Each structure stands twice: as structure tokens, then as C-alpha cells.
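Residues per chain, in single letters:
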Amino acid sequence: MATTDLVRQLEALGAEFGRAAGASASEQEIRALQARYLGKKGSVSQLMKEMGKRQPAERRELGAVFNRIKESIEAEVGRRLSELGSAAAIADLGRSIDVTLPGRTVPPGRVHLLTQIREQAVAIFAELGFEVAEGPQVDTDFHCFEALAIPKDHPARDMQDTFYVSDEVVLRPHTSPVQIRVMKAQKPPVRIVAPGVVYRRDDDATHSPMFMQIEGLLVDEGVRFSDLKGVMLHFVRRYFGRGLDIRFRPSYFPFVEPGAEVDMQCAFCAGPGSTCRVCKGTGWVEIAGSGMVDPEVFRQVGYDSERYTGFAFGMGLERVAMLRHGVNDIKFFYEGDLRFLAQF
Ligand code: 2NL
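Note that this is a predicted model, so its numbers are computed, not measured.

**Student:** Break down a negative patch on the surface for me, with residues and values.
**Tutor:** A surface patch of like charges, here negative, comprises D158, D161, D202, D203 and D204. With respect to the secondary-structure elements, D202 resides in the loop between β4 (190–199) and β5 (210–220). D202 sits in the partly exposed class, given a relative accessible area of 33%.

**Student:** Tell me about the pattern of salt bridges, residues and numbers included.
**Tutor:** All told, the structure shown has 22 salt bridges when counted by the stated rule. Notably, a salt bridge pairs R54 with E50, separated by 3.2 Å at the nearest N-O pair. The salt bridge involving D141 is made with R157; its shortest N-O contact spans 2.8 Å. In this pair, D141 sits in helix α6 (residues 141–144) while R157 sits in the loop between α6 and β3 (169–171), placing the two residues 16 residues apart along the sequence. Of the two residues, D141 and R157, neither departs from the other in class, the shared state being buried. Through salt bridges that share partners, R247, R249, E261, D263 and E286 make up one connected network.

**Student:** Before we move on, can you summarise the site of the ligand with the specific residues and values?
**Tutor:** Taken together, 15 residues form the shell around the ligand, and within it E215, F255, G289, A312 and G314 come nearest. E215 is positioned such that a nitrogen or oxygen atom in its side chain is 2.9 Å from a nitrogen atom of the ligand. Here a nitrogen atom of the ligand sits 3.2 Å away from a polar atom, N or O, in the main chain of G314. Going through the elements one at a time, α7 (176–185), β5, β8 (284–293) and β9 (309–316) are the ones with two or more residues in the shell around the ligand. If you tally residues by element for the shell around the ligand, the top one is α7, at 4 residues. Here the residues of the shell around the ligand are counted per class, giving 8 nonpolar, 6 polar and 1 charged.

**Student:** Tell me about the sheet that holds strand β1 (residues 131–132), residues and numbers included.
**Tutor:** Strand order in the open sheet formed by 7 strands is β1-β4-β5-β9-β8-β7-β6, with mixed pairing between adjacent strands. With one partner strand each, in any of the chains shown, β1 and β6 (246–251) form the two edges of the open sheet. Here helix α5 (residues 113–127) sits on the sheet in contact with β1, β4, β5 and β9, set at roughly 5° to β5.

The rules behind these values
- Residues numbered from 1 in each chain as written.
- Predicted model: local features only at pLDDT ≥ 70, side-chain atom pairs only at ≥ 80, totals over all residues.
- Heavy atoms only, no water.
- Patch = residues over 30% accessible without salt bridge, like charges linked within 9 Å, V, L, I, M, F, W, Y side chains within 5 Å.
- Areas by Shrake-Rupley, 256 points an atom, 1.4 Å probe, with all protein chains shown as cover.
- Salt bridge = Lys/Arg side-chain N within 4 Å of Asp/Glu carboxyl O.
- Lys, Arg positive; Asp, Glu negative; His and termini not counted.
- Charge placed at Lys NZ, Arg CZ, Asp CG, Glu CD.
- Helix = DSSP H or I, 4+ residues; strand = E, 2+ residues; numbered from the N terminus.
- Buried < 20%, exposed > 50% of the residue type's maximum accessible area, 1.4 Å probe, protein only.
- Near = heavy atom within 4 Å.
- Polar contact = N/O pair within 3.5 Å; in protein donor to acceptor, adjacent residues only side chain to side chain.
- Nonpolar A, V, L, I, M, F, W, Y, C, P; charged D, E, K, R; others polar.
- Pairing = 2+ DSSP bridges.
- Contact = heavy atoms within 4.5 Å.
- Axes fitted to C-alpha atoms, helices over the stretch in contact; angles between N-to-C directions.

Bear in mind that shape data such as this cannot, by itself, settle questions of function.
Quick look at the structure:
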């Protein structure tokens, strides 16, 4: 190729670059274009390979042309970049911001209904001198069953009802193991409530595999069933208000003797004979299980059952919350739906 043709072609590439750069719309585009001309395999670089085949004099001349084209391409890149930059800055200045728009408010959070219920229940028992005790949610067969005199063949120990981690370790199905631990650790008098989550293999409109319970335990000399009655009555009156009454129905729990279920008058209806769905027209709703601590439990924790007596009770907190607020499905507590939760 004649030197003059080479020079003409280089000039043409330079001009071509100028037009393409003028039409490019972003830094990325310009950089890509630059690589297509000046990169290792770029069109300008390819032509310059011809230079090697020339005599020294021609080589000098071509070198000068090459440098001029290369510099003009680089200058063009710089020019277009600053052009695009100022166009962007101007567009930015042109944006209008409505400073009168109200800000986006972050709604305040709130304490979950179940937490409120638990705190209120604890506060009511605290008025009677009960202290809060806590313990692990994963506990041993001994703390959950054996120490409570629950026989080996009792249905509660069945795999159908309890979540087993291993033969000897379970997810606690009640908070009684907390009380067992406290009794093993300290002498009477004991006056505690154990609130917390418990686990059972149950799942329907009124049962959840994980739910919240509060149990109470009072052990001292001379504790009687009437003390239990007074504590339960205080709780119901403080929690549900008004002059609601309670009643005890004989029932069986392996860890108490005698045992009783605690009912309170239905807060939703006029009483027996109504069509109330909450109490099914009986006028009473069950709220807890209770009883006098079985001497076998005292033997298991090393208490002298000749000297001490005690009562215990257990309540499902979801049930209490459902009764108080007219909630008809336990799943509302766990779904995290603000349309429900924000009402409390
Ligand atoms: C229910 C029944 C109950 C207890 C829990 C208890 C704990 C110890 C010793 C004796 Cl350490 N008893 N707890 C007693 C009777 C009933 O709960 O239906 N709960 C929802």
C-alpha cells in the first residue's frame, strides 16, 4: 500500500471516530468505541502494523500521522465525556423537588398481643407476691415427666404428643420443668410463676404446636386448696374485670391431688341457656388446670411432704387472650398480620 493511501486511510478513521463519538450517549459507549479504534486489535492499530514494513524516512512520517490521529481520538473522547457530564448535571439541576410533600412516616411498632397478655398476667400474680422463674425450652425427660410423677405409659409422654429431640430430651410440653428446677435449687417457701413457650404436637383452630403458658406454684407450711381458690379468683377478677365468679371441677393430672379444672363465668353472654358460641350456652368457660401438688413430686425434688403442702396451676395464654378479646382462631397470634395485631 502506498504511503499516501495509508495516510488517507488513517485520516478517514480519525474523522469517522469523531462522528461516532459525537453520537455516543454514555461513557461506556465511548470507551467501547475508543477500544475499537485504539485497542490492540483496533482499526488504527491494525493499520500501523504496516509501518514496520517501511523505510526509516517513511516510518518517521507515518509515525507522526499515527500520533496525531491517536491524539485527536483521545481528545475527542475527553471532549465527549465532559459534554455528557455537563448534560447530566444540567438535567439534574432541572429536576424539581416538591419540598411541601409530607415525609414518609415510619409507623411506631408495638408490643405483640401475646407479650402484652403475658406481661399483664405476670403483673397480676406479682401483686400476690409471685416471682417470675424461667428455664430452658429444651429439657430432659426427668424435668418434664419423671419428676412430675407422669407414668411411663402416660399419653403425654407419647411421641404423638411431645416433640422428642432424643430418648431423654424433649421440647418442654409445659413450663412445669421450670418449677421442678426451682424446687430442686431452693427450699420452701416457693412462690413463683413460670411463663413461656411450650411445644405440643397439636395443630387446629384452638391449638398450635408452639404456644404460651403460664404456670404458678406456691409451696409453704399450711398451704390449702382455699389459697389456690383465692389466687385464681384474684386473677380472673383483675384480668377480666367485673364480678366474674369461678368454679372448680374435679379433674385428674398426675402431678396434683386433688386436681381440678378452673372455669370462669363467660364474659361474652348473659349466662346459662344462651346461644353463646364461646361457652356453648353453659355460662362457664375453662381457663386453667390446677390442684394440690402431689407428695410424689415433693419426694422427687427432696421436699418434706409431711411438713409442706402446695398448689399449682397452668393456663394457656392464647386461650386467655382469645377469651378476653373475642379472637376465634389461634393462628392470628402467629401470622404477623398487622391488620390483626395493630388492633391491640
Ligand atoms: C393445664 C394443666 C396444670 C400444674 C399444671 C404443676 C407443676 C408442678 C407441680 C404440680 Cl411443678 N403441678 N402444674 C398443675 C395442674 C395443672 O396445668 O391444663 N394447663 C394448661
